[in-house]
Amino acid sequence: MQKVKKAIIPAAGLGTRFLPATKAMPKEMLPIIDKPTIQYIVEEAVESGIEDIIIVTGKGKRAIEDHFDHAFELESNLEMKGKLKLLEEVQRTSKVDIHYIRQKEPKGLGHAVWCARRFIGQEPFAVLLGDDIVRAETPCLKQMITQYEAVSSAILGVQPVPDGETGRYGIVAPASQNGRLYEVAGLVEKPPAGQAPSNLAILGRYILPPEIFGILDSQEEGSGGEIQLTDAIARLALEQQVYAYNFQGTRYDVGEKLGFILTTLDFAVANPELRGATLKAIQELLVKEGAAPEIFLRDLRARDVSDWSSRSTG
Ligand code: UTP
């Protein structure tokens, strides 16, 4: 069995849901607290044992290449000022060996993956989307690689989503289940309401065999007029076994506005430096907006608000 050593990170989409912010700045560079979303993804790949990463970029994506490059002026300035912790953070991003390829037109995720075919060659590989950050004890991709090592077949990272949200995702039709692992009978990209074969949504993590490139060669446009990776995997599933793995961890959807805000809030609450002040601000906002539940207000009246943040950080 060949090991999974290479990963593709497609980052050539237009990011229309974040316009005008994404007119000149890639969506993948939008920060969650102080780190661009794509850095969380790169870190997950590295922590999962990936040795080579290729980022598929498009027009206006230079900032991604600059972010993972050395910044000599900035680094010597930080060193001169003795800001060594920040220097270490900045240098960490330039230590990973990253390759780039351009998708000349944003024709869809399937096409973006196909653009990296020569870099991958004849090996199994991972795909990680920047829209989905996963916080987990064992990195999400690492969990999937462990599964891959047991079954040597394509694996899609999935989690159940609420009924009303299946139309936003590629959805898996499971044939059988063994713990968190499912045999896949079929796949549908963004099924219309009421027609989803299950609630298991593909959430931005894939391990695929190189045969997918031959299928993508002839893949026609699908949902949204784009060449869909889900459609190509559905064809792959007719030729070889495909699995879905319900990975452990919290998954954050940073590809749309509300998801981005909630992710930022959750990460702020989990950050020891920001936790107290963030929780206090949320509490004050709830009271100001008249949205605080009565039970919470009663508790609030009974104590001093200014004392609250220090207690909540423990
Ligand atoms: P999305 O559909 O979420 O990204 O694709 P988008 O098209 O940039 O966003 P909206 O819908 O216009 O707001 C998921 C991932 O696939 C990449 C995107 O960059 C994103 O990381 N992608 C998408 C490509 O690389 N090329 C494409 O043609 C489409």
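Presented here is an overview of the structure given in this document. In this text the structure is predicted, and so the values were computed from the model without any measurement.

## Side note on the site of the ligand
And then number 1: In the vicinity of the ligand lie 17 residues, with G15, T16, Q103, G108 and D131 positioned nearest.
And then number 2: Taking K107, its main chain carries an N or O atom lying 3.3 Å from an oxygen atom of the ligand.
And then number 3: Here an oxygen atom of the ligand sits 2.7 Å away from a polar atom, N or O, in the main chain of G108.
And then number 4: With the chains in place, 87% of the 570 Å² that the ligand exposes on its own is no longer accessible.
And then number 5: Taken together, the residues of the shell around the ligand sort by class into seven nonpolar, five polar and five charged.

## So, the pairing of strand β6 (residues 125-128)
And then number 1: Residues F125 and V127 of β6 are buried on one face, and the alternating residues A126 and L128, pointing to the opposite face, are buried as well.
And then number 2: Bridge analysis of strand β1 (residues 6-10) against β6 gives three bridges, and the strand direction is parallel. Within β6, the residue paired with K6 across the bridge is F125.
And then number 3: Inspection of the sheet shows β6 paired to strand β11 (residues 200-208) by four bridges, in the antiparallel sense. Within the sheet, the bridge partner assigned to A126 lies in β11 and is I207.

## A closer look at a nonpolar patch on the surface
And then number 1: On the surface, a nonpolar cluster with roughly 480 Å² of combined accessible area is contributed by L258, I261, L262, L265, I282 and L286.
And then number 2: Mapped onto the nonpolar patch, the elements with two or more residues apiece are α10 (257-270) and α11 (275-288).
And then number 3: Looking at the nonpolar patch element by element, the count peaks at four residues for α10.
And then number 4: Along the polypeptide, L265 turns up in helix α10.

## Describing the pattern of salt bridges
And then number 1: For the structure on display, the rule yields 14 salt bridges.
And then number 2: A salt bridge links R168 to D253; its shortest N-O distance comes to 2.5 Å. Of this pair, R168 sits in the loop between β8 (154-160) and β9 (170-178) while D253 sits in strand β13 (residues 250-253), placing them 85 residues apart in sequence.
And then number 3: For R168, a relative accessible area of 39% translates into the label partly exposed.
And then number 4: Two residues, R251 and D253, come together in a salt bridge whose shortest N-O distance is 3.8 Å.

Calculation rules
- Residues numbered from 1 in each chain as written.
- Predicted model: local features only at pLDDT ≥ 70, side-chain atom pairs only at ≥ 80, totals over all residues.
- Heavy atoms only, no water.
- Near = heavy atom within 4 Å.
- Polar contact = N/O pair within 3.5 Å; in protein donor to acceptor, adjacent residues only side chain to side chain.
- Areas by Shrake-Rupley, 256 points an atom, 1.4 Å probe, with all protein chains shown as cover.
- Nonpolar A, V, L, I, M, F, W, Y, C, P; charged D, E, K, R; others polar.
- Buried < 20%, exposed > 50% of the residue type's maximum accessible area, 1.4 Å probe, protein only.
- Helix = DSSP H or I, 4+ residues; strand = E, 2+ residues; numbered from the N terminus.
- Pairing = 2+ DSSP bridges.
- Patch = residues over 30% accessible without salt bridge, like charges linked within 9 Å, V, L, I, M, F, W, Y side chains within 5 Å.
- Salt bridge = Lys/Arg side-chain N within 4 Å of Asp/Glu carboxyl O.

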